[in-house]
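# A closer look at the structure
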Amino acid sequence: MPSDPKTGLRWSNWNLLLIVPLLMLITPWFNMDEPRIFGLPFFYWYQFAFVPLGVLCVGLVYVKTKDKPVVTGKPDKLGVDDLDEGAK
């Protein structure tokens, strides 16, 4: 996975899957009344269907791209006790 050493950001092709939930924002594609399911117009049930689809896409990208954190520069030598203001 390529990464930028300055920012620690990584790129993966799995990130392209995050575009799928954004397709929900293009309302002219689904702004219609028919077909109806259980009396709900297409406009509404299509949006309901996109909720689990969006969750699935984001979850899949998370699982496929999680990795060890990118360490840039020198490792931090401060401990938790050094950062605690109450220890002074």
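Procedures and definitions
- Residues numbered from 1 in each chain as written.
- Predicted model: local features only at pLDDT ≥ 70, side-chain atom pairs only at ≥ 80, totals over all residues.
- Heavy atoms only, no water.
- Phe/Tyr/Trp six-rings, centres within 6.5 Å; stacked < 30°, edge-to-face > 60°.
- UniProt positions renumbered as here; feature names shortened; annotations may be inferred.
- Helix = DSSP H or I, 4+ residues; strand = E, 2+ residues; numbered from the N terminus.
- Buried < 20%, exposed > 50% of the residue type's maximum accessible area, 1.4 Å probe, protein only.
- Salt bridge = Lys/Arg side-chain N within 4 Å of Asp/Glu carboxyl O.
- Expected span 1.5 Å × (residues − 1).
- Polar contact = N/O pair within 3.5 Å; in protein donor to acceptor, adjacent residues only side chain to side chain.

Attention now goes to the packing of aromatic side chains. Per the counting criterion, the structure on display carries four aromatic pairs. Feature note: the residues Phe42, Trp45, Tyr46 and Phe50 constitute an aromatic cluster, connected by ring pairs.

As annotated in UniProt, the feature "transmembrane region" (unreviewed entry) corresponds to residues 12-30 and 42-63 in the numbering used here. End-to-end, the C-alpha atoms of residues 12-30 are 30 Å apart, and along that stretch the chain is 21% helix and 0% strand. Regarding residues 42-63, the helix share stands at 100% and the strand share at 0%, and the terminal C-alpha atoms are separated by 32 Å.

Cis geometry marks the peptide bond from Glu34 to Pro35, where omega comes out at 0 degrees. Looking at the element boundaries, Pro35 is found in the loop between helix 1 (19-22) and helix 2 (42-65). In this structure, Phe38 takes a positive phi of about 55 degrees despite not being glycine. Relative to the helices and strands, Phe38 is located in the loop between helix 1 and helix 2. You can call Phe38 exposed: its relative accessible area is 84%.

Let us look at the pattern of salt bridges. Going through the model one piece at a time under the given rule, you end up with two salt bridges. Notably, a salt bridge pairs Glu34 with Arg36, separated by 3.8 Å at the nearest N-O pair. Its relative accessible area of 42% is what places Arg36 among the partly exposed residues.

With 24 residues, helix 2 extends 34 Å from end C-alpha to end C-alpha; this agrees with the ideal 34 Å at 1.5 Å per step. Among all positions of helix 2, only Phe42, Phe50, Gly54, Cys57, Val61 and Thr65 are buried.

Looking at where Val55 falls in the secondary structure, it is placed in helix 2. Along the backbone, Val55 and Leu18 are 37 residues apart, and their C-alpha atoms lie at a distance of 10.0 Å.

Here we take up the side chain of Thr65. When you line up the elements, Thr65 lands in helix 2. Under the relative-accessibility criterion, Thr65 is labelled buried at 15%. Separated by 2.6 Å, the side chain of Thr65 and the backbone oxygen of Val61 make a polar contact.

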